[in-house]
Amino acid sequence: MAESATTVKRSDFVAQLEASNLHPLWDRFRTLTPVKPQAKDPPLIWRWRDIEPFAERAGSEVPIDDVERRALILVNPAFDGETVTTSNLIAAFTVLDPGDRARPHRHTFAAIRFATRAEGAATIVNDRRCDMHDGDLILTPPMCWHGHINESDHRIIWFDAANIPLIRTLDANFFEPGDQKSNQFWQADEGDEKLWAESGMIGADLPHATAHSPKYHYSGAATRRLLATLPAGPDGARTVRYTNPATGGAVMPALDCYAVRLAKDRATRPKRTTCNSICLVVSGTGRSTVGEHTFQWSQHDVFSIPHWSWASHAATGGDADLFIVSDRVAFERLELLREEYQ
Ligand code: 1HN
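Quick summary incoming for the structure in this document. Worth saying up front: this structure is predicted, and the values here are computed from it rather than measured.

Here we come to unusual backbone geometry. Look at Met143: it is not a glycine, yet its phi comes out positive at around 60°. Along the chain, Met143 falls in the loop between strand S8 (137-140) and strand S9 (146-150). Its identity as a non-glycine residue notwithstanding, His300 has a phi of 75°, on the positive side. Topologically, His300 is positioned in the loop between strand S18 (293-297) and strand S19 (302-305). Classification of His300 by relative accessible area gives buried; the value is 8%.

Okay, here's the thing in structure tokens:
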């Protein structure tokens, strides 16, 4: 009896505190200080065979001039209807028809595109034309002007990712539309991208922004060459990190990109990390176990690895290549990166 009287008294006190905009830490302690990260999202796979018909429909039914971008965003319903792929990140596929121009704009969130079916498209980033070839990575770093153009005779589809959810959590996004009527934006050639094309050499006296990579365009052919010669890392896969050639660090302050080559039937050592990843299957077939889920995947499928979930991958046909975009560098910078192998 005495105990229940105390309980009633305590919750009465808590209610009075709450009514005065005060919360007692002793009542909230477990929620406020979880003993480990607990992702809200289970891992999810989005299959290319399900996405592709919608991408084709978007191309046919949505005029590019009516929309800022003709992109289909991959959403995990665990986020209660928020337009989020995994914590801090979103991924999408963009469709561009022959003659389409996705108008220039800039913003403080960081974004990338990875050329899946994009031969003949170009992204113009800060006056540099980046022609897309198979497997190319193109950065659109924070506050760099960018627009896209399809000058080929066929429909183009590429993979996008951005750290919009992170920047929205921080409420730090700024967005500026470019001049829609200006033709000048589209006249760019490769421009200063040439200055950053040579691996291992940079102009000693070149001025450049330090916050993000001065190189915007990373070649798919070069990535594949490097993957073929690299030794395997601690998890058994060959991994390339795309880096800022001036610093050796991640390409952008809060978005980090990797290419991984998996060997047939050799599962990687299960790994878990505090950061979040989205994996695009670039080529091959395979299987990934993420947390409690096992996914079979093939080309252009996309799956998420929510933070602090054990993940292991294996190719099942020949070798398989993944492109991985993550918020790893944000955790690194905040000294919150923890990574473990089983
Ligand atoms: C984005 O910023 C662009 O700026 C394109 O070109 C597609 C898809 C999802 C999120 C951001 C762009 C996008 C995107």
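This is not the end of the story, as more comes after the structure.
Across soluble globular proteins, nonpolar side chains show a tendency to be buried alongside one another. In this structure, Phe93, Ile112, Phe159, Tyr242, Phe323 and Val325 are the most contacted members of the largest nonpolar core, which totals 31 residues. Sorting the residues of this core by element identifies helix H3 (48-61), strand S3 (90-96), strand S5 (111-117), S8, strand S10 (156-162), strand S14 (256-262), strand S16 (277-283) and strand S21 (320-326) as the ones contributing at least two each. Discounting residues that sit within four places of it in the chain, Tyr242 has contacts with Phe114, Leu137, Tyr218, Thr223, Gly249, Ala250, Val251, Cys257, Tyr258, Ala259 and Phe323. In this structure, Ala237, Val260, Ile305 and Ala320 belong to the second largest nonpolar core, which totals 17 residues.

The next point concerns a negative patch on the surface. Together, Asp127, Asp189, Glu190 and Asp192 make up a negatively charged patch on the protein surface. Residue placement: Asp192 occurs in the loop between strand S11 (175-177) and strand S12 (217-218). Residue class for Asp192 comes out partly exposed when judged on its relative accessible area of 45%.

On to the sheet that holds S8, then. What the 6 strands build is an open sheet, ordered S2-S3-S10-S5-S8-S12; its pairing is antiparallel. Strands with a single pairing partner mark the edges of an open sheet, and in this sheet they are strand S2 (71-74) and S12. Pairing analysis gives 4 bridges linking S2 to S3, with the strands arranged antiparallel. Paired with Ala71 across the strands is Thr94, a residue of S3.

With that settled, consider the site of the ligand. Taken together, 13 residues sit near the ligand, with Arg69, His105, Arg113, His146 and His148 positioned nearest. Within the side chain of His146, an N or O atom sits 2.7 Å from an oxygen atom of the ligand. A distance of 2.6 Å separates an oxygen atom of the ligand from a polar atom in the side chain of His148. Compared with its free state, where it exposes 330 Å², the ligand has 94% of that area covered by protein. Going through the elements one at a time, S3, strand S4 (101-107) and S9 are the ones with two or more residues in the shell around the ligand. In terms of residues, the shell around the ligand owes the most to one element, S3, which gives 3 residues. Here the shell around the ligand is composed, by residue class, of 5 nonpolar, 5 polar and 3 charged.

The rules behind each value
Residues numbered from 1 in each chain as written. Predicted model: local features only at pLDDT ≥ 70, side-chain atom pairs only at ≥ 80, totals over all residues. Heavy atoms only, no water. Helix = DSSP H or I, 4+ residues; strand = E, 2+ residues; numbered from the N terminus. Buried < 20%, exposed > 50% of the residue type's maximum accessible area, 1.4 Å probe, protein only. Core = buried A, V, L, I, M, F, W, Y, C linked by side-chain atoms within 4.5 Å. Contact = heavy atoms within 4.5 Å. Patch = residues over 30% accessible without salt bridge, like charges linked within 9 Å, V, L, I, M, F, W, Y side chains within 5 Å. Areas by Shrake-Rupley, 256 points an atom, 1.4 Å probe, with all protein chains shown as cover. Salt bridge = Lys/Arg side-chain N within 4 Å of Asp/Glu carboxyl O. Lys, Arg positive; Asp, Glu negative; His and termini not counted. Charge placed at Lys NZ, Arg CZ, Asp CG, Glu CD. Pairing = 2+ DSSP bridges. Near = heavy atom within 4 Å. Polar contact = N/O pair within 3.5 Å; in protein donor to acceptor, adjacent residues only side chain to side chain. Nonpolar A, V, L, I, M, F, W, Y, C, P; charged D, E, K, R; others polar.

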